[in-house]
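Below, each chain spelled out in residue letters.
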Amino acid sequence: DDFLKLSYGQTTIAFADPLSTLVPDRFFHPDEVATYLQGVGDIPPDCLVYNDHLPDLEMRNVFAVQQLEQNWFSTHFPDAKICHINTGLIRAFAQINALRSGVNVYLNVHDRSVQVFLFQQSKLIFSNDFQFTTAEDFIYFVLLVFEQHQLKPESVPVQLAGHIIEDSAVYQLLYRYIRHLEIVP
(Lines give C-alpha, C1' and ligand atoms only; values in the text may rest on other atoms or scores of the structure.)
Protein backbone atom coordinates (compact mmCIF):
# COMPACT_ATOMS: atom_id res chain seq x y z
CA ASP A 1 0.00 0.00 0.00
CA ASP A 2 2.95 2.35 0.50
CA PHE A 3 3.67 2.13 -3.23
CA LEU A 4 0.20 3.47 -3.98
CA LYS A 5 1.01 6.65 -2.09
CA LEU A 6 4.19 7.41 -4.02
CA SER A 7 4.28 9.96 -6.80
CA TYR A 8 5.03 8.63 -10.28
CA GLY A 9 6.02 10.67 -13.34
CA GLN A 10 4.17 8.32 -15.65
CA THR A 11 2.09 5.22 -15.01
CA THR A 12 0.98 2.55 -17.43
CA ILE A 13 -1.37 -0.21 -16.38
CA ALA A 14 -1.28 -3.33 -18.54
CA PHE A 15 -4.24 -5.69 -18.27
CA ALA A 16 -3.88 -9.36 -19.14
CA ASP A 17 -7.52 -10.24 -19.76
CA PRO A 18 -7.88 -12.95 -22.42
CA LEU A 19 -10.62 -10.93 -24.13
CA SER A 20 -8.42 -9.29 -26.74
CA THR A 21 -8.01 -9.43 -30.48
CA LEU A 22 -5.93 -7.77 -33.17
CA VAL A 23 -7.69 -5.76 -35.87
CA PRO A 24 -5.91 -4.44 -38.99
CA ASP A 25 -6.09 -0.64 -39.25
CA ARG A 26 -7.88 -0.82 -42.60
CA PHE A 27 -10.81 -2.69 -40.97
CA PHE A 28 -10.88 -0.79 -37.70
CA HIS A 29 -13.85 1.48 -36.92
CA PRO A 30 -13.94 3.15 -33.48
CA ASP A 31 -17.72 2.76 -33.26
CA GLU A 32 -17.40 -1.02 -33.64
CA VAL A 33 -14.83 -1.84 -30.90
CA ALA A 34 -17.14 -4.07 -28.86
CA THR A 35 -18.16 -6.10 -31.91
CA TYR A 36 -14.52 -7.12 -32.56
CA LEU A 37 -14.50 -9.04 -29.28
CA GLN A 38 -17.69 -11.00 -29.94
CA GLY A 39 -15.81 -13.79 -31.69
CA VAL A 40 -13.28 -14.04 -28.86
CA GLY A 41 -15.71 -14.79 -26.03
CA ASP A 42 -18.58 -13.53 -23.97
CA ILE A 43 -18.11 -9.93 -22.91
CA PRO A 44 -19.51 -9.40 -19.41
CA PRO A 45 -21.85 -6.39 -19.25
CA ASP A 46 -19.59 -4.64 -16.73
CA CYS A 47 -16.62 -4.51 -19.12
CA LEU A 48 -15.11 -1.48 -20.78
CA VAL A 49 -13.56 -1.89 -24.23
CA TYR A 50 -10.28 -0.20 -25.13
CA ASN A 51 -7.89 -0.37 -28.03
CA ASP A 52 -4.15 0.15 -28.38
CA HIS A 53 -2.68 1.31 -31.66
CA LEU A 54 0.31 -0.55 -33.09
CA PRO A 55 1.17 1.83 -35.96
CA ASP A 56 4.33 0.02 -37.06
CA LEU A 57 2.28 -3.13 -37.58
CA GLU A 58 -0.78 -1.25 -38.90
CA MET A 59 -3.16 -2.82 -36.41
CA ARG A 60 -5.05 -2.28 -33.18
CA ASN A 61 -5.26 -4.48 -30.13
CA VAL A 62 -8.89 -4.36 -28.94
CA PHE A 63 -9.43 -5.59 -25.37
CA ALA A 64 -11.89 -5.65 -22.50
CA VAL A 65 -11.31 -4.59 -18.91
CA GLN A 66 -13.66 -5.30 -16.02
CA GLN A 67 -15.07 -1.98 -14.85
CA LEU A 68 -14.42 -2.82 -11.19
CA GLU A 69 -10.70 -3.33 -11.91
CA GLN A 70 -10.50 -0.20 -14.03
CA ASN A 71 -12.23 1.85 -11.31
CA TRP A 72 -9.77 0.63 -8.67
CA PHE A 73 -6.75 1.56 -10.80
CA SER A 74 -8.19 4.92 -11.85
CA THR A 75 -8.79 5.76 -8.18
CA HIS A 76 -5.15 5.05 -7.30
CA PHE A 77 -3.58 6.15 -10.59
CA PRO A 78 -5.94 8.69 -12.19
CA ASP A 79 -3.53 9.72 -14.98
CA ALA A 80 -2.43 6.20 -15.87
CA LYS A 81 -2.37 5.01 -19.46
CA ILE A 82 -4.42 1.82 -19.91
CA CYS A 83 -3.13 -0.87 -22.28
CA HIS A 84 -3.18 -4.63 -22.80
CA ILE A 85 -0.18 -6.76 -21.87
CA ASN A 86 -0.02 -8.17 -25.42
CA THR A 87 0.46 -4.66 -26.81
CA GLY A 88 3.65 -4.26 -24.81
CA LEU A 89 4.81 -7.76 -25.69
CA ILE A 90 4.15 -7.26 -29.40
CA ARG A 91 6.05 -3.95 -29.38
CA ALA A 92 9.00 -5.46 -27.51
CA PHE A 93 9.15 -8.58 -29.66
CA ALA A 94 8.83 -6.50 -32.85
CA GLN A 95 11.88 -4.48 -31.76
CA ILE A 96 13.85 -7.64 -31.06
CA ASN A 97 12.69 -9.16 -34.33
CA ALA A 98 13.81 -6.09 -36.32
CA LEU A 99 17.38 -7.24 -35.60
CA ARG A 100 16.70 -10.79 -36.80
CA SER A 101 15.97 -12.37 -40.13
CA GLY A 102 13.53 -15.04 -41.19
CA VAL A 103 10.79 -16.46 -39.01
CA ASN A 104 10.93 -16.14 -35.23
CA VAL A 105 8.56 -17.40 -32.55
CA TYR A 106 8.14 -15.64 -29.20
CA LEU A 107 6.49 -17.25 -26.20
CA ASN A 108 5.42 -15.42 -23.07
CA VAL A 109 4.54 -17.71 -20.17
CA HIS A 110 2.34 -16.46 -17.35
CA ASP A 111 0.77 -18.75 -14.75
CA ARG A 112 -1.06 -21.34 -16.84
CA SER A 113 -1.21 -19.42 -20.11
CA VAL A 114 1.18 -18.86 -22.97
CA GLN A 115 1.01 -16.09 -25.54
CA VAL A 116 2.48 -17.17 -28.86
CA PHE A 117 3.68 -14.58 -31.39
CA LEU A 118 5.05 -15.46 -34.82
CA PHE A 119 6.99 -12.84 -36.74
CA GLN A 120 8.33 -13.06 -40.27
CA GLN A 121 10.69 -10.21 -41.02
CA SER A 122 8.90 -7.14 -39.64
CA LYS A 123 5.37 -8.58 -39.87
CA LEU A 124 3.35 -10.17 -37.11
CA ILE A 125 1.94 -13.31 -38.74
CA PHE A 126 0.23 -14.97 -35.79
CA SER A 127 -0.77 -14.17 -32.22
CA ASN A 128 -2.80 -16.26 -29.80
CA ASP A 129 -3.20 -17.05 -26.11
CA PHE A 130 -3.44 -20.65 -24.95
CA GLN A 131 -4.44 -21.94 -21.52
CA PHE A 132 -2.55 -25.03 -20.39
CA THR A 133 -2.61 -27.34 -17.38
CA THR A 134 0.39 -29.59 -17.99
CA ALA A 135 3.75 -29.30 -19.71
CA GLU A 136 2.34 -31.66 -22.34
CA ASP A 137 -0.54 -29.24 -23.03
CA PHE A 138 2.00 -26.44 -23.40
CA ILE A 139 4.17 -28.27 -25.93
CA TYR A 140 1.05 -29.41 -27.82
CA PHE A 141 -0.03 -25.79 -28.41
CA VAL A 142 3.45 -24.67 -29.41
CA LEU A 143 3.94 -27.56 -31.83
CA LEU A 144 0.42 -26.99 -33.21
CA VAL A 145 1.45 -23.44 -34.18
CA PHE A 146 4.59 -24.83 -35.80
CA GLU A 147 2.55 -27.39 -37.74
CA GLN A 148 -0.15 -24.92 -38.84
CA HIS A 149 2.49 -22.54 -40.19
CA GLN A 150 4.67 -25.30 -41.65
CA LEU A 151 7.64 -24.40 -39.44
CA LYS A 152 10.45 -26.77 -38.56
CA PRO A 153 11.15 -27.02 -34.81
CA GLU A 154 14.79 -27.83 -35.54
CA SER A 155 15.42 -24.60 -37.45
CA VAL A 156 13.04 -21.85 -36.25
CA PRO A 157 14.33 -20.00 -33.17
CA VAL A 158 12.05 -19.57 -30.17
CA GLN A 159 12.51 -16.73 -27.69
CA LEU A 160 11.03 -17.22 -24.22
CA ALA A 161 9.80 -14.56 -21.82
CA GLY A 162 7.73 -14.42 -18.67
CA HIS A 163 7.56 -16.99 -15.91
CA ILE A 164 9.76 -19.78 -17.18
CA ILE A 165 12.98 -21.22 -15.85
CA GLU A 166 15.33 -23.75 -17.36
CA ASP A 167 14.72 -26.47 -14.76
CA SER A 168 10.91 -26.38 -15.14
CA ALA A 169 9.00 -29.26 -16.74
CA VAL A 170 7.68 -26.87 -19.40
CA TYR A 171 11.17 -25.72 -20.41
CA GLN A 172 12.59 -29.26 -20.40
CA LEU A 173 9.84 -30.53 -22.68
CA LEU A 174 10.16 -27.51 -24.94
CA TYR A 175 13.92 -28.06 -25.13
CA ARG A 176 13.32 -31.66 -26.18
CA TYR A 177 11.35 -30.57 -29.27
CA ILE A 178 12.70 -27.13 -30.18
CA ARG A 179 16.35 -26.90 -31.20
CA HIS A 180 16.97 -23.15 -30.75
CA LEU A 181 15.69 -21.73 -27.45
CA GLU A 182 16.67 -18.40 -25.96
CA ILE A 183 15.38 -16.69 -22.83
CA VAL A 184 14.73 -13.00 -23.49
CA PRO A 185 16.25 -10.90 -20.72
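How each quantity is defined
Residues numbered from 1 in each chain as written. Predicted model: local features only at pLDDT ≥ 70, side-chain atom pairs only at ≥ 80, totals over all residues. Heavy atoms only, no water. Helix = DSSP H or I, 4+ residues; strand = E, 2+ residues; numbered from the N terminus. Expected span 1.5 Å × (residues − 1). Buried < 20%, exposed > 50% of the residue type's maximum accessible area, 1.4 Å probe, protein only. Arc of directions from axis to C-beta. Contact = heavy atoms within 4.5 Å. pLDDT = per-residue confidence, 0-100.

A. Expanded view of helix α4 (residues 135-148). Taking 1.5 Å per residue as the helical rise, α4 with its 14 residues ought to reach 20 Å, and the 20 Å between its terminal C-alpha atoms agrees with that figure. Residues of α4 that are buried include every one of A135, F138, I139, F141, V142, V145 and F146, and no others. Taken end-on, α4 shows its buried residues confined to a sector of 160°, consistent with a single buried face. Facing away from the buried side of α4 by more than 90 degrees, the exposed set consists of E136, E147 and Q148. Packed against the buried residues of α4 are β6 (103-110), β7 (113-120), β8 (123-131), β9 (158-162) and α5 (169-177). Phi turns positive, to about 50°, at Q150, one or two residues after α4.

B. Highlighting the confidence of the model for the protein chain. Across the protein chain, the average pLDDT comes to 92, with 99% of residues at 70 or higher. Ranking the helices and strands of the protein chain by mean pLDDT puts α4 first, with 97, and helix α2 (residues 67-76) last, with 89.

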